[in-house]
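For reference, the chains in residue letters:
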Amino acid sequence: MSTLRTLSFLLCLFCAWACWAQPVPRLDSASASWFQRGTTNQITLSGDALGNLSEVLLMGIGVTATLEELPAPAVALESSTTGVRSEPAGAVNSRRIRLVVDPEASPTPRELRVAGPDGVSNALTLQFSDVPELLESAVPSPLSLPVAVSGTIGANAETDRFSFAAKAGQRLILDVQANRFGSPLDPTLSVADAEGKTLAKSEDAHGLDPFLEFEVPKDGTYQIALHDLRFQGAGNYRYRLLIGELPYLESLFPFGGRRGSEVTVSLQGSNLGGGDTLKLRIAPDAQPGRQDLRARTAKGVSNPLPFETDDLPGLLETEPNNAPEQAMRLTPPTIIDGRIGEAKDTDTFRFTAPADQRLAIEVQARRFGSPLDSLLTLMDAKGAVITRNDDAAEQDARIEFDAKKDTEYLLSLRDLTDRGGPRFGYRLVLRSPEQIPDFAVRASAGRLRITQGGRTALRCELDSRNGFDGMVRVNAVNLPPGVSASPLVLGPQNRAGWIVLSATDVTTLGFLPFQLEAIGELGGKPVGRMVQFPESPWLTVLPPAPFEVEVAQPSLLAEQNGSTSLDVSIVRRPGFTGEVRISAEDLPGVSIPAIAVPAGQSRAKLNLQVSNGSEVGIRPVLVRGEATVDGRTSISHAAQSVPLQTRGIAMFLTAMLPGSPFFRTDAVRLSAVALPTNAVSSANQTEFVVKVDRRGVEGEIALALEGLPKGVEATVSPIPAGKKEASIRIRVSDAAETGKDHTLHIVGTATHDDRIWRQKTQPITLNLTAPESQAAPATAPQPGK
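Residues numbered from 1 in each chain as written. Predicted model: local features only at pLDDT ≥ 70, side-chain atom pairs only at ≥ 80, totals over all residues. Heavy atoms only, no water.

In this structure the tally under the stated criterion is 46 salt bridges. The shortest N-O distance in the salt bridge between Asp-130 and Arg-37 comes to 2.7 Å. With Asp-130 in the loop between β9 (124–129) and β10 (133–135) and Arg-37 in the loop between β2 (34–36) and β3 (40–48), this residue pair connects regions lying 93 residues apart in the sequence. Judged by its relative accessible area of 34%, Asp-130 falls in the partly exposed class. (Salt bridge = Lys/Arg side-chain N within 4 Å of Asp/Glu carboxyl O. Helix = DSSP H or I, 4+ residues; strand = E, 2+ residues; numbered from the N terminus. Buried < 20%, exposed > 50% of the residue type's maximum accessible area, 1.4 Å probe, protein only.)

The structure is reproduced here in structure tokens:
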């Protein structure tokens, strides 16, 4: 019975490890990514490790998704006990889901993920509209408008063609969305009549994407042709073609308004039903920042355009204001909403600084979809140019300068290429730049896995803004029961670190969202900021790993261009004897080669080589172990990171060939010919230089050449005080051993801060050859051979 119990225990452990080691689900694509509101859809998700799923995770309300069951296998095995199950022999790389979109669901894009006992997948983005959404493979002929078709130019020279019926006078919108969503497709779109005559064509209307407003000349059937400009194609050359008599917003003006105000907005576009002017009431408590506005008419809902709410006082630019004597008077801080209304238009403004202060003048145009390529010029009151700018953020101009109290300034704004028109709108913001100290903390990943009784780690980095120099404490919040985290403290001396999460042996298996909070002090008061993740954070709890990693030293010390080592041990769970690969999470400027702990052994030593330019200060070294169980990978982190203190060096020497304008540290190779001592030739001479990066040492640096072979003489001079290099000349006599490489080193010595500093350069290879006249003759063949 004892033997049976032991075997059963080991079998359970093995099954748990195998379950833990399953790969994280991965989503590559969905059979459809656009869906009409008020519809129910069946879609196929493609990816990897999709067999063991339990849930679809979808952000927001109004859209629900459920997994469909996998088809029953042709053959399955049943166990007489627990802990053993049969699975399909091959990996499951696709799953079907049922997606229900409420008619009133927000058109905001949603992230879709799948999850199961092995973890949470990456996200796919789902989009929503008010028109029927069809796949290219299922479109009728002719199309019934309005409609959106999602397709792929799947091969070179491929052209997708669609037909539709329309009536004379209809104003149709044809909008291809490809490149703006990351597709490599550079689309060309054309419309032809039933006889094949091209009536309209577009290529680069919205970036590289085509757009047409097509007025139907007569009742009939029309043909659409869509292909890549270079006639290329592949499986990722995706597009979405929207076509119909739909409202379309080309632009709106102004681009924003103040909270608590009423703004008259003018609209430009097509099929707007005569509603080209609307009033917007912005509530005092409206969400500040950017949002999307859409036009809803009897024909449907338009495309979105951005609109921004803020708290600065605002003005509308008024004409004429082309010349300095016509300049509009401004009082900072303020926002001016204006237009470069025609070609060669210039808008001019005048303002007086209320105090000695730094002012920022920023144009916001391209970020709102305006074609304006702004040129901003700051002048004194007499029109003399102080500074100008045309591209600070994308193609939006920005100027920062130190304004003087009661001094008058002129400001002019125009298009860089003198274009203009109703669509050339802008917001001109004049205010003090953000100077309040603040901070943010960013995490390196969003999806984590942790084992029962194990640990995982997440790298966090502090972003200090506007002179913030305080300490920030990072805490985990909303962790699952049984999971805890030691707080991470970041500050001026350690701007990055690892927060380590630990789980008890009885933590419930599963997945839950979690958050990290960063708490610092601003103005003498504690202030919290949620840590920023690159994706939605999820934590999955898995069965126990087969080993744990422990580190011996509580801290490490090394100098730039130096080394140190860290002792690591492996604690194996019963039944696990396999090899464990030990490595450290990436640390810039420090090389830490991975090592393997052989099967059955438990100790190892990690060697850390610190580069000469490595960051000075304290940074964490986090060690992890990795093992393969039943062909799958399992990972475990050490319980805490080890602080590595890197100290700066007073000098760094390197050997180089003469004449290089750069400070190089690569290998140096020299060659010379061994000639008699009395020979007068450059062939038996060579030279190199030793350069120094002074980081404290200012005095003379003595140089010594090590490894000089017999028959080779060298002239070695010190690097004089205040200088950065010295030349080393080498002369080779016929007493030197030829036909081989000799390895030399330069050792530099100097005194700084009551310490003697010594450093050896990288190896210098000296290749010595005999003169051609002394080359050994070919061996003559022996008689009889």
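From this point, things continue past the structure.
Moving on: the sheet that holds strand β51 (residues 580–584). If you trace the four strands from one edge of the open sheet to the other, you get β53-β51-β56-β57, paired in antiparallel fashion. A single partner strand is all that each edge strand has here, and the edge strands are β53 (595–597) and β57 (632–637). Between one strand axis and the next, the sheet turns by 30° as a mean value, whatever way the strands run. With six bridges joining them, strand β56 (residues 623–629) and β57 adopt antiparallel strand pairing. Within the sheet, the bridge partner assigned to Thr-628 lies in β57 and is Thr-633. (Pairing = 2+ DSSP bridges. Axes fitted to C-alpha atoms, helices over the stretch in contact; angles between N-to-C directions.)

Within the secondary structure, Leu-278 is located in strand β22 (residues 277–281). Residue Leu-278 is classed as partly exposed on the basis of its relative accessible area of 46%. Along the chain, Leu-278 and Leu-557 lie 279 residues apart, while their C-alpha atoms are 67 Å from each other. Other than its neighbours up to four places away in sequence, Leu-278 contacts Val-263, Thr-264, Val-265 and Leu-267. (Contact = heavy atoms within 4.5 Å.)

Summing up the model confidence of the protein chain, the mean pLDDT is 90 and the portion of residues at 70 or higher is 94%. Ignoring residues within four places in sequence, the model shows residues 775–785, a span with pLDDT below 50, making zero contacts including any to other chains. (pLDDT = per-residue confidence, 0-100.)

To continue, consider unusual backbone geometry. Pro-142 follows Ser-141 through a cis peptide bond whose omega is 0°. Note on placement: Pro-142 falls in the loop between β10 and β11 (147–152). Even without being a glycine, Ala-49 presents a positive backbone phi close to 55°. Note that Ala-49 resides in the loop between β3 and β4 (55–58). With relative accessibility at 19%, the residue Ala-49 sits in the buried group. Phi angles above zero are rare outside glycine, and Asn-478 is one such case at about 60°.

This brings us to the packing of aromatic side chains. Counted under the stated rule, the structure contains 14 aromatic pairs. Seen in terms of ring centroids, Phe-253 and Phe-255 are 6.5 Å apart; in terms of plane orientation they differ by 75°. Their pairing is edge-to-face. Consider the rings of Phe-401 and Tyr-409, whose centres lie 5.1 Å apart with planes at 70°: the pair is edge-to-face. Each member of the pair, Phe-401 together with Tyr-409, is buried. An aromatic cluster is defined as three or more aromatic residues linked by ring pairs; in this entry it consists of Phe-164, Phe-214 and Tyr-222. When the ring centre of Phe-368 is taken as reference, the NZ or CZ atom of Arg-290 above it lies at 4.4 Å. Over the face of the ring belonging to Trp-757 we find Arg-755, whose NZ or CZ atom lies 3.6 Å from the ring centre. (Phe/Tyr/Trp six-rings, centres within 6.5 Å; stacked < 30°, edge-to-face > 60°. Lys NZ or Arg CZ within 6 Å of the ring centre and 35° of its normal.)

Reading across the sheet, the three strands line up as β19-β21-β22 and stay open at both edges, with antiparallel pairing between neighbours. Both edges of this open sheet fall to β19 (248–253) and β22, since each of them pairs with a single strand only. Strand-to-strand, the axes of this sheet are offset by a mean angle of 35°, without reference to chain direction. Here strand β21 (residues 262–270) pairs with β22 via five bridges, running antiparallel.

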